[in-house]
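# Structural overview
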Amino acid sequence: MEIREQLSDKLLDNASKKCLLDIETYKQRALVYSQMEGAICVLSDMQENKSYIYKSHAAAELGLTMGENPTEIASIWEEEMLKKIHPDDRLKKYIHELRFFKLLDAVEMEERTAYSVVSKIRMKDKRDEYRWVKHRMFYMYSPYNGRLRFALCLYNIAISSSSVSDFLIINTIKGDVVVKDKLDYKNILSPRELEVLKYVGEGYASKQIADLLSISINTVSRHRQNILEKLKVKNSTQAFKDSFS
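Residues numbered from 1 in each chain as written. Predicted model: local features only at pLDDT ≥ 70, side-chain atom pairs only at ≥ 80, totals over all residues. Heavy atoms only, no water.

## Brief notes about the packing of aromatic side chains
This is how it is decided: A pair of aromatic rings is counted whenever rings of Phe, Tyr or Trp (Trp by its six-membered ring) have centres within 6.5 Å, and the orientation is called stacked for planes under 30 degrees apart, edge-to-face for over 60 and tilted otherwise. Only runs of H or I of at least four residues qualify as helices and only runs of E of at least two qualify as strands under DSSP, and these elements are numbered from the N terminus. A 1.4 Å probe rolled over the protein chains alone gives each residue an accessible area, and that area as a share of the maximum for its type sets the label: buried under 20%, exposed over 50%, partly exposed in between.
Under the counting rule described, the total for this entry stands at four aromatic pairs. Their ring planes at 40 degrees and their centres at 4.6 Å tell us that Tyr26 and Phe150 sit as a pair that is tilted. Highlighted residues: Tyr26 in helix α2 (residues 23-37) and Phe150 in strand β6 (residues 148-157), separated in sequence by 124 residues. Like Tyr26, the residue Phe150 is buried in the burial classification.

What follows is the structure, encoded as C-alpha cells:
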C-alpha cells in the first residue's frame, strides 16, 4: 500500500509539473494580457525555439501587420518587433536580458516568479517616427531541470518617456526595486565592442561577425570576452542559449 501511495504521489507530482509547462496555458495568458492591456505580447518557447506573437490594436499604431492571432514564428527572436526598436535600445534590451538571466540564475527556483524587468525603449510607429514603449519581461523555468523554458515580453505604448524607468528589475511580491540601471553603455564599451555586441544581439555567430567586420574570429572572441567582463555578465551567449532547453 505504501509503495502504491508513493507511486500515486509521484504521478500526481509529474502531472502537476507537466501542467506548469503546458504551452497552451501560457498562450492563453499571453492572449489575455494583449486583450486587457492593449499590449503586444511575445511568448517564446525556448525549448522548441518558437515564438507566439499576440497583437492588440496597439500593433497598428506601431505599423505592425495584424495577421492571425497569434502569429507563430520558428525562432525565439521576434524579428518584426526587434527591427522596430531603436538600435541603441535594441542593444540595451539584449544586455538587460543577459543581466536578468544572470540574476535569476542565482535565485532559488521557487522565488524566480516574483521577478520581472520593466524598461523603456523607442520603437518606430506607423509614421516611421520613434515612440516610447514600456517593455516588461518575465521568465518561466522548468520544474524538471531548473532551466529557462518560457519568456514573455509585453510591449505597451507609453504616455511619455518619464512615465517609465530606463531599466528596473523588480520583485513584484515585495514591491522592491532589485536593480536600477542608468548606465551609459557607450561610455563603458568601445565603438568596436558596441559593433560586436550589436551583431551578437541580432543572432550572428562569431565567424559571421568576423566576416562582416573584416577581423579575425580570435579578435571577435576577445571582444566578446571584454564585453562580458565590462558589463559584469559572467555568461557567454552560447551558455545563455543552452539554458533554454
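Now that the structure has been shown, we can carry on.
## Looking at the environment of Phe167
Along the polypeptide, Phe167 turns up in strand β7 (residues 167-171). The spacing of Phe167 and Val117 is 50 residues in sequence and 7.2 Å in space, taken between C-alpha atoms.

## Quick notes on the nonpolar core
Selection criterion: In these notes, a set of buried Ala, Val, Leu, Ile, Met, Phe, Trp, Tyr and Cys residues joined through side-chain atoms within 4.5 Å is what counts as a nonpolar core. Residue contacts are counted whenever heavy atoms from the two residues lie within 4.5 Å of one another.
Within the largest apolar cluster, 31 residues are counted, with the highest numbers of intra-cluster contacts made by Ile40, Met81, Phe100, Tyr115, Met123, Tyr139 and Tyr155. Sequence-distant contacts of Ile40, defined by excluding residues within four places in its chain, comprise Ile53, Tyr54, Lys55, Ser56, Ala58, Ala59, Leu62, Leu64, Met81, Cys153, Leu154 and Tyr155. Ranked by size, the runner-up nonpolar core spans 16 residues in total, among them Leu91, Tyr94, Val200 and Ile209.

## Some words on the pattern of salt bridges
Two side chains bearing opposite charge may form a pair once their charged atoms approach each other closely. Filter applied, for reference: A side-chain nitrogen of Lys or Arg and a carboxyl oxygen of Asp or Glu constitute a salt bridge if their distance falls within 4 Å.
In the structure shown here, the tally under the stated rule is 14 salt bridges. For Lys93, the salt bridge is made with Glu97, and the minimal N-O distance between the two is 2.6 Å. Of this pair, Lys93 and Glu97 are both found in helix α5 (residues 87-105), four residues apart, which corresponds to roughly one turn of the helix. Across this residue pair, the class does not change: Lys93 and Glu97 are buried. What you see here is one network of salt bridges that share partners, running through Glu61, Asp125, Lys126, Arg127 and Arg131.

## Some remarks on the pairing of strand β5 (residues 130-141)
Under the convention used in this document: Strands qualify as paired when DSSP identifies two bridges or more between them.
Judged from the eight bridges that link them, strand β4 (residues 115-124) and β5 form a sheet pairing that is antiparallel. By the bridge assignment for β5, Ile121 is matched with Val133. Between the end of β4 and the start of β5, which pair antiparallel, lie five residues, with Asp128 showing a positive phi angle near 65 degrees. Here β5 pairs with β6 via nine bridges, running antiparallel. Each residue of the ladder has a partner; that of Phe138, found in β6, is Leu152.

## Side note on helix α9 (residues 217-230)
Selection criterion: In a helix, the anticipated span is given by 1.5 Å times the number of residues less one.
Relative to the 20 Å expected for 14 residues at 1.5 Å per residue, α9 spans 20 Å between its end C-alpha atoms, a close match to the ideal helical length. Of the residues making up α9, those classed as buried are Thr219, Val220, His223, Ile227 and Leu228. Buried-residue contacts for α9 involve α7 (191-201) and α8 (206-213).

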